[in-house]
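Close look at the chain arrangement
In case you want the letters, here they are:
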Amino acid sequence: MFRDHASRIWGFSVLAIAVLKFGGTSVASEESRQLAVARVRAHLDKGYDVCVVVSAMGRKGEPYATDTLLGLARSLYHNTAPRELDLMAACGEIISSVVMTNALRREGIRALALTGWQAGIVTDTNFTQARIRRVEPSHLQRHLKEGFVVVVAGFQGQTESGDITTLGRGGSDISAVALGVALEAQETEIYTDVDGVLTADPRVVPDARTIPSITYDELCQFAHEGAKVIHPVAVELARRYDLQLHIRSTFSDSMGTTVTGQPLVGGHPRTVTGVTSIGGMVQVQVDFGPDQGSGDELRLFKALADQRISLDMILVTPGRKAFIVAEGVAQEAQDVMERAGFFPSIRPGCAKVSVIGAGMRGVPGVMAAVASALHDAGVRILQTADSHLSISCLVPQEHSDTAVRALHGKFHLSQ
Ligand code: ADP
Ligand code: MG
């Protein structure tokens, strides 16, 4: 949908365009902005027209970071509606786009800043978690043609009727990919504070290794299961339009990770690609008596679905139904179930730990290796689930990091 529009406007593929996205730490300080400017300069020198996408400056606690702005909205009055929260949150990226534009100009690069809506990003009306419907890039393309580096505020868009929306945590990645598709960019690069997609979060596993190449499917699963280096929706969008992505560091010259449809040739075959975790999960279990049947089961799941409560790791046996929900909706899930006549047992403080890899399919013994690694590390498995790309174990949250390290070691991912 994005690409059709671009071709319709121009009728042909115009320029060699690079979209470079810089995350929060890459725009936070003078020093990091200097490095970002050097990345832009290198692309200009290669003959690209450059569109930059920026996140808000810095992380929690820093003055213009998203959390700080949302904290301000929430702390003064407790009744800020999602529409106004989005208006507040969108300021962070706008500030960042102006600062980055000035940093480029100081180095003699012609640059200008655009908000997400000035860049043509149109979303649905789902405030705080909006989805991009389409991109109308003509305004942005005109400025690129005029020779400007265009700095777009990430994470934001506008509804059909003109309300400002944001795309959810990490949403600047989605902005970058959507613009990469709409502009038919030859390069779309996600610059961050780690060397690329690593075999695990380096904050948990210090000797995690950079993965040189990964498929959309694997990375999508990895991101959904907690690897926050890129937003899963950004990967889905790249897959849909076959946009090659590159994830790399603003701070080092490491090769980074190439994301493509097929594994690049030459990489050695691997069973497991990476390990990840998501904390803040609650296990919910309901025992079914002998007189309860599939009608009750249906009623249970329908009651939860009607409240749009999202369930994961769903396990159904005749005697027991179990699943997990995010902490934030656990109380609501319990209330809904009790109103429907079910009395669940609730276990808070859980984490979902997953091994990911396209190479696991059909390989015997992966589950046995997972179980033995966790057993040897003294981690209790509360529940398991699997897909064709992953095996997940629910564990007590306090054992999450131990579990990730144990699995990383078991599958020799540091080598
Ligand atoms: P940005 O602001 O650049 O978007 P994020 O904080 O959103 O940066 O994402 C980068 C962070 O993701 C890293 O600092 C790292 O701690 C974390 N991370 C989690 N899992 C992984 C992984 N498998 N590979 C790389 N980084 C990961
Ligand atoms: Mg991010």
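The structure we're discussing is the one just above.
Below, the structure is looked at part by part. (Residues numbered from 1 in each chain as written. Chains lettered and ligands numbered in written order. Predicted model: local features only at pLDDT ≥ 70, side-chain atom pairs only at ≥ 80, totals over all residues. Heavy atoms only, no water.)

**Focus: helix 11 (residues 366-376)**
Along helix 11, the residues that are buried comprise Val366, Ala369, Val370, Ala373 and Leu374. One side of helix 11 carries all its buried residues, which in axial view fall inside an arc of 125 degrees. In helix 11, the exposed residues that point more than 90 degrees away from the buried face are His375 and Asp376. Immediately beyond the C-terminal end of helix 11, within one or two residues, lies Gly378, with a positive phi of roughly 75 degrees. (Buried < 20%, exposed > 50% of the residue type's maximum accessible area, 1.4 Å probe, protein only. Helix = DSSP H or I, 4+ residues; strand = E, 2+ residues; numbered from the N terminus. Arc of directions from axis to C-beta.)

**A closer look at the packing of helix 11 against helix 12 (residues 400-410)**
Where helix 11 contacts helix 12, the two axes come as close as 9 Å, and the packing angle between them is 130 degrees. Comparing the axis directions of helix 11 and helix 12 gives the class oblique. Note on packing geometry: the crossing formed by helix 11 with helix 12 is right-handed. The segment helix 11 lies against helix 12, with Ala369, Val370, Ser372, Ala373 and Leu374 engaging Ala403, Ala406, Leu407 and Lys410. Among the residues forming the contact of helix 11 with helix 12, the class breakdown is 7 nonpolar, 1 polar and 1 charged. (Axes fitted to C-alpha atoms, helices over the stretch in contact; angles between N-to-C directions. Parallel < 35°, antiparallel > 145°, perpendicular 65-115°, else oblique. Left-handed = near helix turned anticlockwise from the far one by under 90°. Contact = heavy atoms within 4.5 Å. Nonpolar A, V, L, I, M, F, W, Y, C, P; charged D, E, K, R; others polar.)

**So, the site of ligand 1**
Around ligand 1, 17 residues are found, and the nearest of them are Arg59, Thr192, Asp193, Asp201 and Arg203. The side chain of Lys21 places a nitrogen or oxygen atom 3.1 Å from an oxygen atom of ligand 1. Taking Arg203, its side chain carries an N or O atom lying 2.8 Å from an oxygen atom of ligand 1. Protein chains bury 93% of the 570 Å² of accessible surface belonging to ligand 1 in isolation. Looking at side-chain class alone, the shell around ligand 1 contains 7 nonpolar, 4 polar and 6 charged residues. (Near = heavy atom within 4 Å. Polar contact = N/O pair within 3.5 Å; in protein donor to acceptor, adjacent residues only side chain to side chain. Areas by Shrake-Rupley, 256 points an atom, 1.4 Å probe, with all protein chains shown as cover.)

**Points about the side chain of His246**
Along the chain, the position of His246 falls in strand 11 (residues 245-249). The residues touching His246, leaving out its near neighbours within four places in the chain, are Thr188, Glu189, Ile190, Met255, Gly256, Thr257 and Thr258.

**Points about the sheet that holds strand 14 (residues 312-316)**
Taking strand neighbours across the sheet as the criterion, the 6 strands line up as 14-15-13-16-18-17 in an open arrangement whose pairing is antiparallel. Of all strands in the sheet, those bounded by a partner on one side alone are strand 14 and strand 17 (383-387). Here the average twist between neighbouring strands, direction ignored, is 30 degrees. Sheet topology places strand 13 (residues 274-287) next to strand 15 (residues 320-326); 7 bridges connect them, and they run antiparallel. Bridge pairing in strand 15 links Asp287 to Arg320. Set on the sheet, helix 9 (residues 294-306) makes contact with strand 13, strand 14 and strand 15; between it and strand 15 the angle comes to about 5 degrees. (Pairing = 2+ DSSP bridges.)

**Notes on the nonpolar core**
Formed by 49 residues in total, the largest nonpolar core has its most connected members in Leu140, Leu179, Leu219 and Ile230. Excluding residues within four positions of it along the chain, Leu140 makes contact with Cys51, Leu114, Ala119, Val150, Val152, Leu179 and Leu183. Membership of the second largest hydrophobic core comes to 25 residues, among which are Val205, Val275, Met360 and Val395. (Core = buried A, V, L, I, M, F, W, Y, C linked by side-chain atoms within 4.5 Å.)

**Quick notes on helix 12**
Structurally, the α-helix is built with 3.6 residues per turn, so residues lying three or four positions apart point the same way. Along helix 12, the positions that sit buried rather than exposed are Ser400, Ala403, Val404, Ala406, Leu407 and His408. Of the surrounding secondary structure, the elements contacted by the buried residues of helix 12 are strand 13, strand 16 (345-356), helix 11 and strand 18 (390-396). Among the residues trailing helix 12, His412 stands out with phi positive, at a value near 50 degrees.

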